[in-house]
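Reading the structure
Now for the letters of each chain:
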Amino acid sequence: LMYTDDEIPMVKSGTNLAESLMEITQKGLGMTTVVDSSNILLGVFTDGDLRRALSTSPDFQSVLIDSVMSQNGISVKSSMLAAEATSIMEENKISSLVITDSESKVEGVLHLMELLRSGLA
C-alpha cells in the first residue's frame, strides 16, 4: 500500500525550496520527506507548510527546506498494521504518513488515496 523506493518524495537537508517543490510536484503526494545523508527522517514539508511559507514571501532559490519544514511530523514504524496507520491519519487529519524503520530511516509513504482504493479507509 505504501509508496517505496523512487516513489517516495524525498529531499536532503539543505535543499532549496524551489527544488523541494519540484520533488513534491513530480511525486504527486502533496508532501516531501526531508532526510539526512543516511535517509534518517528529519522532517516533512507539506502543502500546508508551503502556504505558511508563502506568507513570508520567501525567495524560493535561497530559502532552505530546513527552515520551513515541520520537524515533528507524524511518522510510524513499518511494523504497524495498515489499519492502525489509517486510524492515526484520520485522528490527525493528514493525508500522508511517513513510514520508518527502527532507526528512523524512511522506508515509505502511506497515502490516503491508496488506503481508499484498498478499502481500508
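The structure this text deals with has already been given above.
In what follows, the accompanying structure is described. Please read all numbers here as calculations on a predicted model, not as lab measurements.

**What to know about the sheet that holds strand 1 (residues 10-12)**
Spatial strand order, 1-2-3: three strands in an open sheet with mixed pairing. Edge strands, defined here as strands with exactly one partner in the open sheet, are strand 1 and strand 3 (41-46). Mean inter-strand twist for the sheet, computed between neighbouring axes without regard to direction, equals 30°. Note: strand 1 against strand 2 (residues 31-35), three bridges, orientation parallel. Bridge pairing in strand 2 links Val11 to Val34.

**What about the pattern of salt bridges?**
The full count for this structure, using the stated rule, is three salt bridges. Put simply, Glu23 and Lys27 hold a salt bridge, and the shortest N to O gap is 2.8 Å. With a gap of four residues between them, Glu23 and Lys27 both fall in helix 1 (residues 17-27), about one helical turn apart. A residue is classified by how much of its surface remains accessible, and Glu23, at 12% relative accessible area, is buried.

**Examining the environment of Asn39**
Secondary-structure assignment places Asn39 in the loop between strand 2 and strand 3. Asn39 gets classed as partly exposed once you look at its relative accessible area, which sits at 26%. Here the alpha-carbon distance between Asn39 and Val106, two residues 67 residues apart in the chain, equals 6.1 Å. If we skip the residues at most four places from it in the chain, Asn39 touches Met10, Lys12, Ser104, Lys105 and Val106.

Thresholds applied
- Residues numbered from 1 in each chain as written.
- Predicted model: local features only at pLDDT ≥ 70, side-chain atom pairs only at ≥ 80, totals over all residues.
- Heavy atoms only, no water.
- Pairing = 2+ DSSP bridges.
- Helix = DSSP H or I, 4+ residues; strand = E, 2+ residues; numbered from the N terminus.
- Axes fitted to C-alpha atoms, helices over the stretch in contact; angles between N-to-C directions.
- Salt bridge = Lys/Arg side-chain N within 4 Å of Asp/Glu carboxyl O.
- Buried < 20%, exposed > 50% of the residue type's maximum accessible area, 1.4 Å probe, protein only.
- Contact = heavy atoms within 4.5 Å.

What is shown is where atoms sit, not what they do.
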